[in-house]
Amino acid sequence: MNLFPISAQINSRGHLEIGGCDATALARAFGTPLYIYDDAHLRARARALHNAFATRWRDALVLYATKAYYSPYLARIFKDAGLGIDVTSEGELEIARRVGLAPEKIYLHGNNKTPAEIRAALALGVAHIIVDNLDEIDLLAQIADELDARPQVLLRLAPAIDPHTHRYLATGVAESKFGLPMLTGAAITAARRVMQHSRLLLVGLHVHIGSQIFDLDPYRDALRAVCDFAAELRDAVGFDLRELDLGGGWGVAYTADQTTLDIETVAETITREITNYQLPITKLLFEPGRALVAQSAIALYTVGSIKEISGVRTYVAVDGGMGDNIRPALYGARYSARVANRMNDAPAQRVAIAGRFCEQGDVLIENVDLPRVQVGDLIAIPDAGAYQIPMASNYNLIPRPAVIAVRAGDARIIRRRETIEDMLRCESDF
Ligand SMILES: *Cc1c(COP(=O)(O)O)cnc(C)c1O
């Protein structure tokens, strides 16, 4: 059960139980596909991440990467745990505003920030802007002038580091669309340009090398690259590195052969190694997304058909798929699964879990060993908390699933199931 949320267990009926609720009862009450967040798991994880850094560095701030999944429910939990956030859109900013998150804890990201987004952030009092490219510097200065704001700028660097992850998840390599390449001199040009604007205050450097990284070495390399660059900037333009943002990307186990990167080890290693560099860093920032939420939720589906192609494979088709989880189709993400109403039955067959969407690539899991499955059984997929609901679509005009939170036998809807009316409300005739 170690890929499941902390409150998950097998009850006396041999069913999956989460937050004190029987999964079969949740499926009956709320329907499937259903996303179930374990409230206790989320709170414990948020606290653990906050403490891992707060106990080791005086001014450390964990910024939750909201793109992993943000909602008012999650926003309140993370705010209570003392976390800040990364945002990349007015939508994410609006949730933060509604829960009253302090603007000092909000950092604006994006590789193509719109004037409206920059304006909305500055108007809300968000001062920290992470600059991704040369073009946005003048735009930022101009809007800051308009609003009489004084943005505090961090430069996002592309340090040419290979994090040994999927190509689509590597964001710090030299050819990345993100950040200012260090090799071409763009990063130093950006620093000069920011310092020329009296409205802008250059306070720090940022690096985010990618996602699903299980090894600490790429982080050490990134730290060295950023610190060396900071020393170069100090000599060239008299810049003092005060805020250092080392991004996120900490790997999470989705299958039994993987091991989640231990946060205490990350915190210990990074805070120890930083002292090797003689830099005036005061504030240390981290931006985990997946590591905070992935394991806190499961996706629950109902089996609708089983197709045995003799000598080839058996497809177990469920009532969700790429519409609520695009990750397997987008970059070959792997998952595991259990039959939620037969948790004590031994594996008896190797199957593929197929989605219901009209794409051959809509297969959630290529190979998984399950007990004998029947139509009507419930498939539970753990590690469903990150990059699933926020990437969901209405492909095939299928409404997006409901999301619930469970705690101590209580279950609440935190995002109601979409209706056909919801999907059609933006349409009009000519
Ligand atoms: C996506 C992203 C993160 C979070 O990545 P995870 O793999 O979810 O931890 C952090 N920082 C930036 C800039 C990102 O784009």
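Residue numbers restart at each chain and count upward from 1, following the sequence in its written direction. Per-residue local features of the predicted model are confined to residues with pLDDT of at least 70, and side-chain atom pairs are confined, for both listing and counting, to 80 or more; whole-chain, interface and lining totals are unaffected and use all residues. Calculation of side-chain values draws on the structure's entire complement of heavy atoms; hydrogens and water are dropped beforehand.

Q: Lay out the confidence of the model for the protein with the relevant residues and their values.
A: It should be kept in mind that the predicted coordinates are not to be read in detail where pLDDT is low. The score called pLDDT rates the predictor's confidence residue by residue, from a low of 0 to a high of 100. Confidence in the prediction of the protein, expressed as mean pLDDT, is 96, and 100% of residues score 70 or more. For helices the rule is a DSSP run of H or I covering at least 4 residues; for strands it is a run of E covering at least 2, with both sets numbered from the N terminus onward. Highest mean pLDDT in the protein belongs to strand β4 (residues 34-38) (99); lowest belongs to strand β10 (residues 180-181) (91).

Q: Which residues make up a nonpolar patch on the surface, and what values do they have?
A: A residue counts toward a patch only above 30% relative accessible area and without a salt bridge, and it is joined to like-charged neighbours within 9 Å or, for Val, Leu, Ile, Met, Phe, Trp and Tyr, to nonpolar neighbours within 5 Å. Per-residue accessibility takes into account occlusion by the displayed protein chains alone, with areas from the Shrake-Rupley method and a 1.4 Å probe. Put simply, a salt bridge is a Lys or Arg side-chain nitrogen that is within 4 Å of an Asp or Glu carboxyl oxygen. A surface patch of nonpolar side chains, amounting to about 270 Å² of accessible area, comprises Y168, L330 and M391. Structurally, the position occupied by L330 is in helix α11 (residues 327-331). Under the scheme applied here, a residue whose accessible area is under 20% of the maximum for its type counts as buried, over 50% as exposed, and between as partly exposed, the area being computed with a 1.4 Å probe on protein chains only. Taking the relative accessible area as the measure of exposure, L330 reaches 37% and is therefore partly exposed.

Q: Can you lay out empty space enclosed by the protein for me, pointing to particular residues and giving the numbers?
A: Any empty space left between atoms is shown by rolling a water-sized probe over those atoms. Whether a set of points on the 1 Å grid over the protein atoms alone is a cavity depends on a 1.4 Å probe fitting there but being unable to get out, while an open set qualifies as a pocket with protein on both sides within 12 Å along at least five of seven lines; lining residues are those with an atom within 4 Å of a point. Grid points are joined across faces, edges and corners, and a volume is the space filled by probe spheres set on the points. What the rule picks out here adds up to 2 cavities of 30 Å³ or more. Approximately 40 Å³ is the volume found for the largest cavity. No other element matches the 3 residues that helix α8 (residues 217-237) contributes to the lining of the largest cavity. Gly falls in the polar group here, along with every residue not listed as nonpolar (Ala, Val, Leu, Ile, Met, Phe, Trp, Tyr, Cys, Pro) or charged (Asp, Glu, Lys, Arg). Its residues assigned to classes, the lining of the largest cavity comprises 7 nonpolar, 1 polar and no charged. Put simply, the second largest cavity is a space of about 30 Å³.

Q: Report on the site of the ligand, specifying residues and quantitative values.
A: Here a residue is considered near a molecule or strand provided that any single heavy atom belonging to it is located within 4 Å of it. Taken together, 15 residues are adjacent to the ligand, and K67, S211, E287, R290 and Y387 come closest. Contact distances for the ligand include 2.7 Å between an oxygen atom and a backbone N or O atom of R290. Isolated, the ligand exposes 380 Å² of accessible area, and the fraction of that covered by the protein chains is 91%. Considering only residue class, the shell around the ligand consists of 3 nonpolar, 7 polar and 5 charged. Nitrogen and oxygen atoms within 3.5 Å of one another constitute a polar contact, given that in protein one can donate a hydrogen and the other can accept it, and given that sequence-neighbouring residues count only through two side-chain atoms.

Q: Give a description of the layout of surface pockets that names residues and reports values.
A: Computed from the structure, the largest pocket encloses a volume of approximately 1,100 Å³. What lines the largest pocket is a set of 49 residues, among which K67, T88, E92, Y387 and M391 lie closest to the centre. Listed by contribution, the elements that provide at least two residues to the lining of the largest pocket are β6 (84-87), α4 (90-98), α10 (290-293), α11 and β21 (410-415). Residues of the lining of the largest pocket, tallied by class, amount to 21 nonpolar, 15 polar and 13 charged. Boundaries of every domain are those given by an automatic assignment or by a domain database. Built from parts of two domains, the lining of the largest pocket gets at least three residues from each of domain 1 (9-38 + 295-424) and domain 2 (109-288). In this structure, the second largest pocket spans a volume of roughly 540 Å³. Residue lining of the second largest pocket: 30 residues in total, with T255, Y335, S336, A337 and V368 positioned closest to the centre. Looking at the lining of the second largest pocket element by element, the count peaks at 8 residues for strand β18 (residues 363-370). Considering only residue class, the lining of the second largest pocket consists of 18 nonpolar, 6 polar and 6 charged.

Q: Pulling in residues and values, what's your account of helix α6 (residues 135-147)?
A: Helix span, expected: 1.5 Å multiplied by one less than the number of residues in the helix. With 13 residues, α6 extends 19 Å between its outermost C-alpha atoms, agreeing within 8% with the 18 Å of an ideal straight helix rising 1.5 Å per residue. Those residues of α6 that are buried are in contact with α5 (115-124), β8 (128-131), β9 (152-158) and α7 (186-196). Of the residues flanking the end of α6, it is D148, one or two places downstream, whose phi is positive at about 55 degrees. Only heavy atoms enter the contact rule, under which two residues are in contact if any of them lie within 4.5 Å.

Q: Explain unusual backbone geometry to me, and be specific about the residues and the numbers.
A: The residue after T32, namely P33, is reached through a cis peptide bond having omega -5 degrees. Within the secondary structure, P33 sits in the loop between α1 (23-30) and β4. The backbone of Y387 sits at a positive phi, close to 55 degrees, despite the residue not being glycine. On the secondary structure map, Y387 appears in the loop between β19 (378-381) and β20 (402-407). Here Y387 falls in the buried class, since its relative accessible area comes to 8%. Backbone geometry places N396, a non-glycine residue, at a positive phi of 65 degrees.

Q: Could you give an account of the domain arrangement of the protein, naming the residues involved and the relevant values?
A: A common measure of how large an interface is: the accessible area buried when the components associate. Each assigned domain of the protein is listed here: domain 1 (9-38 + 295-424) and domain 2 (109-288). Computed over C-alpha atoms only, the centres of domain 1 and domain 2 are separated by 36 Å. Taken residue by residue, the interface counts 7 residues in domain 1 and 9 residues in domain 2. Simply put, the buried area is the total loss of 1.4 Å probe accessible area from both parts when two parts are fitted together. Sorting the residues of domain 1 by area buried against domain 2 places Y331, R334 and D383 first, and these three jointly supply 60% of that buried surface. On inspection of domain 1 and its partner domain 2, the count reaches 1 salt bridge. The partner of R334 in a salt bridge is D257, and the shortest N-O contact between them spans 3.4 Å.

Q: Explain the sheet that holds strand β1 (residues 9-10) residue by residue, including any values.
A: In spatial order, the strands read β1-β2-β3; together these 3 strands make up an open sheet with antiparallel pairing. The open sheet has two free edges, formed respectively by β1 and β3 (21-22), since each of these has just one partner strand. Examined bridge by bridge, β1 and strand β2 (residues 16-18) share 2 bridges and lie antiparallel to one another. Directly across from I10, in β2, lies its bridge partner L16. Whether two strands pair depends on DSSP finding at least two bridges between them.

Q: I'd love a proper account of helix α9 (residues 263-274), names of residues and values included.
A: For α9, spanning 12 residues, the distance from its first C-alpha to its last is 16 Å, which sits close to the expected 16 Å at 1.5 Å a residue. Buried within α9 we find I263, V266, A267, T269, I270, T271, E273 and I274. Where the residues of α9 are buried, they touch α2 (39-54), α8, β12 (243-245) and β13 (283-286).

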